[in-house]
Amino acid sequence: MEKLRIVFMGTPDFAVGILDTIYKNNYTIVGVITAPDKPAGRGQKVSMSAVKEYALEKNLRLLQPTNLKSEEFLAELKSLEANLQVVVAFRMLPEVVWKMPKFGTFNLHASLLPEYRGAAPINWAIINGETKTGVTSFFIDDKIDTGAMILSKETEIGANETSGELHDRLMHLGSETVLETLQLIETGKATTTLQENNPEVKTAYKLNKDNCKIDWSQSGKTIFNLIRGLSPYPAAWTYIKDGKNEWNVKIYSASFEEKEHTDTIGQISTTKKEIFIAVKDGVLTIESLQFPGKKRMLAHELLNGVRISENAIAL
């Protein structure tokens, strides 16, 4: 049995949970590859990725290439003499990189492939109202998330679960799956299943301002799923118009009650502690939200400082 020498590639918090599991199970990590530091936030302060922070803390060999095809990076990667590469939430790799190690390169993806290939599988599973999801390990090939599958593990999605909550559960499930995948590869027992090319599989498109905006003409359940599927990040948003004021507002949590009413769709009503928005088949109660220039607040906290008139409407 040949001992594994692993190069790990990843960027966000989700990847850190899996890297930590590999590290704590005493696998040899010969290198960690993550995104270059970049400016972030209002002050554009240069920040490092979550994976970089972890690698520095554990004193792991770190590479931050800007070009994955550069001769300098490829020479450095080859010098690590890895026989396996593990990828979690990184970017698409050129063939020269994923083919380099003896045992190949496998990816851990946060969906039950072939469903939800792409950048935001956790969010879209909730946005689309799925009741189950999971994680899949697969060997990388020349397309995005299409390679031969090694293992997949399934979990239920709670009726009110947010993407943040599901993210944390899938990180733990992903850690178990990666560990099991490493053991199969190490002992020569890994078998694979080819993914079906079904044109009807759902895609986990990259999130952007347009697909995070609430469309108030949709059903209450659809809007509710969008809000929890984008909470806490990047958050569903809407315009609220109140007389001469127009605010760009993020909504982090809400509840939906199906009922008949005669209000205009998008009409906002408030009590001293609650905010309600009318939709075509009921009413959404807004539980937490963020107005421009303010921090995230519970509805009653916001109403202490912001007056919303009876003519206000969500657009």
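Cut-offs and rules
- Residues numbered from 1 in each chain as written.
- Predicted model: local features only at pLDDT ≥ 70, side-chain atom pairs only at ≥ 80, totals over all residues.
- Heavy atoms only, no water.
- Helix = DSSP H or I, 4+ residues; strand = E, 2+ residues; numbered from the N terminus.
- Contact = heavy atoms within 4.5 Å.
- Lys, Arg positive; Asp, Glu negative; His and termini not counted.
- Charge placed at Lys NZ, Arg CZ, Asp CG, Glu CD.
- Buried < 20%, exposed > 50% of the residue type's maximum accessible area, 1.4 Å probe, protein only.
- Pairing = 2+ DSSP bridges.
- Right-handed = clockwise from strand over helix to strand, strands pointing away.
- 1 Å grid on protein atoms, 1.4 Å probe; cavity = no way out; pocket = protein on both sides within 12 Å on 5 of 7 lines; lining within 4 Å.
- Points joined across faces, edges and corners; volume = space filled by probe spheres on them.
- Nonpolar A, V, L, I, M, F, W, Y, C, P; charged D, E, K, R; others polar.
- Phe/Tyr/Trp six-rings, centres within 6.5 Å; stacked < 30°, edge-to-face > 60°.
- Arc of directions from axis to C-beta.

Before going further, it helps to examine the overall build of the protein chain. A tally of regular secondary structure across the protein chain gives eight helices and 18 strands. Taken along the three principal axes of its C-alpha coordinates, the protein chain extends 70 × 45 × 30 Å. Pairs at least 24 apart in sequence give 65% of the contacts found in the protein chain among residues at least 6 apart. Separation between the mean location of the 37 positive side-chain charges and that of the 39 negative ones in the protein chain comes to 5 Å.

Turning next to the pairing of strand β2 (residues 28-33). The side chains of a regular strand alternate between both faces of the sheet. β2 sits mainly inside the fold: five of its six residues count as buried. Relative to β2, strand β1 (residues 5-10) is paired through five bridges, and the arrangement is parallel. Opposite M9, over in β2, you have I33 as the bridge partner. As for the winding sense of the linkage, the β-α-β connection from β1 through helix α1 (residues 13-24) to β2 is right-handed. Bridging between β2 and strand β5 (residues 62-63) involves two bridges; their strand directions are parallel. Paired with V32 across the bridge in β5 is L62.

A few words on the pairing of strand β16 (residues 282-290). Among the nine residues of β16, seven are classified as buried, and the element is accordingly described as predominantly covered. Across eight bridges, strand β13 (residues 245-258) lies against β16 in antiparallel orientation. Its bridge partner being in β16, A254 is matched across the sheet by I286. Linkage of strand β15 (residues 275-279) to β16, two consecutive antiparallel strands, is achieved through a turn of two residues. Inspection of the sheet shows β16 paired to strand β17 (residues 297-298) by two bridges, in the antiparallel sense. The partner of L289 across the bridge, within β17, is M297. Linking β16 to β17, which pair antiparallel, is a turn of six residues; within it G293 sits at a positive phi near 75 degrees.

Before going further, it helps to examine the environment of E257. Locating E257 in the fold gives a position in strand β13. Placed 78 residues apart in sequence, E257 and L179 show a C-alpha to C-alpha distance of 43 Å. Residues within four places of E257 in sequence aside, it is in contact with D281, G282 and V283.

Let us now look at unusual backbone geometry. Note that the residue after L113, namely P114, is joined by a cis bond; omega there is 10 degrees. Topologically, P114 is positioned in the loop between β7 (105-109) and β8 (117-118). The linkage connecting S231 with the following residue, P232, adopts the cis geometry, with an omega of 10 degrees. Among the structural elements, P232 can be located in the loop between α7 (220-229) and β12 (236-242). One non-glycine residue, E81, adopts positive backbone phi at about 55 degrees. The residue E81 is located in the loop between α3 (71-79) and β6 (84-88) in this model.

Among the structural elements, A82 can be located in the loop between α3 and β6. Sequence separation of A82 and I29 is 53 residues, and the distance between their C-alpha atoms is 8.5 Å. Those residues within four positions of A82 in sequence are excluded, and the remaining contacts are R5, I6, V7, V30 and P101.

Where empty space is left can be seen by rolling a probe of water-molecule size over the atoms. By volume, the largest pocket amounts to about 2,000 Å³. Lining the largest pocket are 50 residues; nearest its centre among them are P12, A89, A119, A120 and Y233. Where the lining of the largest pocket is concerned, the elements lending two or more residues are α1, β3 (38-40), β7, α5 (121-127), α6 (163-186) and β13. Along the lines of polarity and charge, the residues of the lining of the largest pocket split into 28 nonpolar, twelve polar and ten charged.

Turning next to the packing of aromatic side chains. A full pass over the atoms with the stated rule returns four aromatic pairs. Pairing W124 with Y205 gives two aromatic rings, centres 6.3 Å apart and planes at 85 degrees, and the pair type is edge-to-face. On the criterion of sequence distance, the pair formed by W124 in helix α5 and Y205 in the loop between β11 (203-204) and α7 is long-range, its members being 81 residues apart.

The subject of this paragraph is α3. Helical geometry: 3.6 residues make up each α-helical turn, so side chains three or four residues apart lie on a common side. Among all positions of α3, only F73, L74 and L77 are buried. Seen end-on, α3 carries its buried residues on one side only, within an arc spanning 95 degrees. More than 90 degrees from the buried face of α3, the exposed residues found are E71, E72 and K78. Buried residues along α3 sit against β1, β2, β5, β6 and α4 (95-98).

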